[in-house]
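Here are the chains, one letter per residue:
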Amino acid sequence: MASSNKMKKLNDDFDILIGKLHYAYKMYCLNKELSGKSKKLPGIPAFWFLIKQSLMASFLVEVAKIFEKQKEESLTIYYVTDIKFRNHQKTIDNLRIFRNKWLVHNDLAFLYNLDKKLKELKLTPEKVADLCKRTYEVLEEIKVNYRINSLGDMTSRDAEEEAKAMIGKLLSETSKHQVQK
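In what follows, the accompanying structure is described. (Residues numbered from 1 in each chain as written. Predicted model: local features only at pLDDT ≥ 70, side-chain atom pairs only at ≥ 80, totals over all residues. Heavy atoms only, no water.)

## Brief notes about the pattern of salt bridges
Once their charged atoms are close, side chains differing in charge can pair, the charge on each being opposite to the other. Under the definition given, this model contains 14 salt bridges. Of the charged contacts in the structure, one is a salt bridge between lysine 26 and glutamate 162, with a shortest N-O distance of 2.7 Å. With lysine 26 in helix H1 (residues 2-36) and glutamate 162 in helix H8 (residues 156-180), this pair connects stretches of sequence that are 136 residues apart. We note a salt bridge from lysine 133 to glutamate 160, for which the minimum N-O separation is 3.7 Å. (Salt bridge = Lys/Arg side-chain N within 4 Å of Asp/Glu carboxyl O. Helix = DSSP H or I, 4+ residues; strand = E, 2+ residues; numbered from the N terminus.)

## Focus on the packing of helix H2 (residues 45-66) against helix H7 (residues 125-145)
Taken N-terminus to C-terminus, the directions of H2 and H7 make an angle of 45 degrees; their axes are 11 Å apart at the nearest point. Between H2 and H7, the angle falls in the class oblique. Pair H2 / H7 crosses with left-handed handedness. Within the contact between the two elements, H2 uses Met56, Phe59, Leu60 and Val63 and H7 uses Pro125, Val128, Ala129, Leu131 and Cys132. When grouped by side-chain class, the residues that make up the contact of H2 with H7 number 9 nonpolar, no polar and no charged. (Axes fitted to C-alpha atoms, helices over the stretch in contact; angles between N-to-C directions. Parallel < 35°, antiparallel > 145°, perpendicular 65-115°, else oblique. Left-handed = near helix turned anticlockwise from the far one by under 90°. Contact = heavy atoms within 4.5 Å. Nonpolar A, V, L, I, M, F, W, Y, C, P; charged D, E, K, R; others polar.)

## Focus: the side chain of glutamate 33
With respect to the secondary-structure elements, glutamate 33 resides in helix H1. Not counting residues up to four positions away in its chain, the partners in contact with glutamate 33 are Ala163, Lys164 and Ile167.

## Considerations on the environment of alanine 159
Of note, alanine 159 is situated in helix H8. Separated by 135 residues in the primary sequence, alanine 159 and alanine 24 place their C-alpha atoms 9.2 Å from one another.

## Some words on the packing of H2 against helix H4 (residues 89-103)
Where H2 contacts H4, the two axes come as close as 9 Å, and the packing angle between them is 125 degrees. Taken together, the axes of H2 and H4 are oblique relative to one another. H2 and H4 meet at a crossing whose hand is left-handed. Across from Ala57, Leu60, Val61, Val63, Ala64 and Lys65 in H2, the residues of H4 making contact are Leu95, Phe98, Arg99 and Leu103. Split by residue class, the contact of H2 with H4 holds 8 nonpolar, no polar and 2 charged.

## Regarding the environment of leucine 95
Checked against the element boundaries, leucine 95 lands in helix H4. For leucine 95, a relative accessible area of 1% gives the class buried. In the structure, leucine 95 is positioned 35 residues away from leucine 60 in sequence and 7.4 Å away in space, judged by C-alpha atoms. Residue contacts for leucine 95: discarding those within four places in its chain leaves Leu60, Val63, Ala64, Leu123, Val128 and Leu131. (Buried < 20%, exposed > 50% of the residue type's maximum accessible area, 1.4 Å probe, protein only.)

## Section: the packing of aromatic side chains
Given two aromatic rings, one states the distance between the centres and the angle between the planes to describe the pair. For the coordinates displayed, the defined rule picks out 6 aromatic pairs. Here phenylalanine 67 and phenylalanine 85 contribute two aromatic rings whose centre-to-centre distance is 5.1 Å and whose plane-to-plane angle is 90 degrees, an arrangement assigned as edge-to-face. With phenylalanine 67 in the loop between H2 and helix H3 (81-84) and phenylalanine 85 in the loop between H3 and H4, this residue pair connects regions lying 18 residues apart in the sequence. In this structure phenylalanine 67 comes out as buried when scored by relative accessible area, which is 2%. On the accessibility criterion, phenylalanine 85 (0% relative accessible area) is buried. With 5.1 Å between their ring centres and 25 degrees between their planes, phenylalanine 98 and tryptophan 102 make a pair best called stacked. Taken as a pair, phenylalanine 98 and tryptophan 102 lie in helix H4 at a separation of 4 residues, close to a single helical turn. Residue phenylalanine 98 is classed as buried on the basis of its relative accessible area, which comes to 7%. Under the relative-accessibility criterion, tryptophan 102 is labelled partly exposed at 33%. (Phe/Tyr/Trp six-rings, centres within 6.5 Å; stacked < 30°, edge-to-face > 60°.)

## Let's talk about the nonpolar core
Soluble globular proteins: nonpolar side chains tend toward being buried together. Phe59 and Val63 are the most contacted members of the largest nonpolar core, which has 45 residues in total. Sorting the residues of this core by element identifies H1, H2, H4, H7 and H8 as the ones contributing at least two each. Setting aside its immediate chain neighbours within four residues, valine 63 contacts Ala24, Leu95, Val128, Leu131 and Cys132. (Core = buried A, V, L, I, M, F, W, Y, C linked by side-chain atoms within 4.5 Å.)

Here it is as structure tokens:
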């Protein structure tokens, strides 16, 4: 019975982790879709700038949380980073720095030298998106190898398609609304 409860908890934790990854990557995809359609977006450009900035900040914070060092009752895949993320370790480390110094805390030394610090980190949204794609792969591997019965069959492609559909619908609905005026 205890083994059954542990397996259920593992399955539940895994579903949460996949959901968090999918949410984070979809924020990146939505931002990317919005950026490609900026001339078609209705309203005030400053509004869409803030929306895109918020999506990017959410994306970076959520991915950083997935790679946090293990703490009591925290959900992370930190324990496999040495093995499965060797090619992404610098991105993970720099993402943690960026999260801690700028996204979550107002580190004055970092903020006063923000441009210089960002150049030093060489952290780009594309590098973090690649990290997300690799994370999807690793989670799928873990799921198969440990026979995890997860509901989380989401892929990076699913997030990309969902974001495209959402922005397509937004543009379609706003153009219908503009025609009706």
